[in-house]
Amino acid sequence: MSELFLIAHLAGRWVAVAASQVDSAVDIGEVVAVPCAPPAVRGLAALRSRVVTVIDTQVALGREPARAARRAIIAAIDGHHYAFLVDAFEDVFPFERISLSSGLALDGRWAAAANGVVERDGEPLLVLDLTALVPAGTVIDDQALAA
């Protein structure tokens, strides 16, 4: 049974994100740093009269910070909106999700964030679970800034 996936490029590879997790794919503006936030939290950004927590997806995956990423996948997780930085995104396509093979070797944080594989033009793409990229205990929004 096929599902819809947004294809995105981050941390040097193309990945698939289930469309059911995606609110939108956008270019974001200025990101304001938040003191004492976890390293994967780049800061806050305004998006359509809403404040979103910006996640540096590369840091969340254990890599160096994204340099000038301005493209983001917006997702609502546990009632909070997050912008996950990506290098690029394509479009939404239908694919059949395949379970991860036990013989597939993924380094640390990729293993925790991947929950399947899809095949595009003979090339396997990891299915990325955005919820796994939110640092534990991260709920930063405009209410937190008012405190």
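Anyway, here's the lowdown on the structure attached to this text. Throughout this description, residue numbers start from 1 for each chain and increase along the sequence as written. Owing to the predicted nature of the model, reporting of local features is limited to residues with pLDDT of at least 70; listing and counting of side-chain atom pairs is limited to 80 or more, with chain, interface and lining totals taken over all residues. Remark: hydrogens and water are excluded; side-chain values derive from all non-hydrogen atoms of the structure.

Quick word on the environment of Val92
Note the threshold: The way it works is that DSSP assigns letters per residue, a run of H or I at least four long becomes a helix, a run of E at least two long becomes a strand, and they are numbered from the N terminus. When a residue's accessible area, from a 1.4 Å probe over protein chains only, is under 20% of the maximum for its type it is buried; when over 50% it is exposed; and in between it is partly exposed. Here, residues are in contact when the closest pair of their heavy atoms is within 4.5 Å.
Tracing the sequence through the fold places Val92 in strand E8 (residues 88–96). Relative accessible area serves as the criterion here: at 37%, Val92 is assigned to the partly exposed category. Residues Val92 and Val17, 75 residues apart in the sequence, show an inter-C-alpha distance of 9.1 Å. Discounting residues that sit within four places of it in the chain, Val92 has contacts with Leu4, Phe5, Leu6 and Ala19.

Here's the deal with unusual backbone geometry
Phi at Ala11 takes a positive value of approximately 50°, unusual for a residue other than glycine. In this fold, Ala11 is placed in the loop between strand E1 (2–10) and strand E2 (13–18). Of note in this structure, Asp121 is not a glycine but carries a positive phi near 50°. With respect to the element layout, Asp121 can be found in the loop between strand E9 (114–120) and strand E10 (123–128).

Section: the sheet that holds E2
We apply this condition: Strand pairing is assigned whenever DSSP detects at least two bridges linking the two strands. Each axis is a line fitted through C-alpha atoms, and for a helix only the stretch in contact is used; angles between axes span 0 to 180 degrees, taken between their N-to-C directions.
Ordered by their spatial adjacency, 5 strands build an open sheet running E8-E1-E2-E10-E9, and the pairing between neighbours is mixed. The sheet is open, and its two edges are formed by E8 and E9, each paired on a single side. Pairs of neighbouring strands in the sheet enclose a mean axial angle of 35°, with direction left out of account. The sheet contact formed by E1 and E8 spans 7 bridges and is antiparallel. Within the sheet, the bridge partner assigned to His9 lies in E8 and is Ala88.

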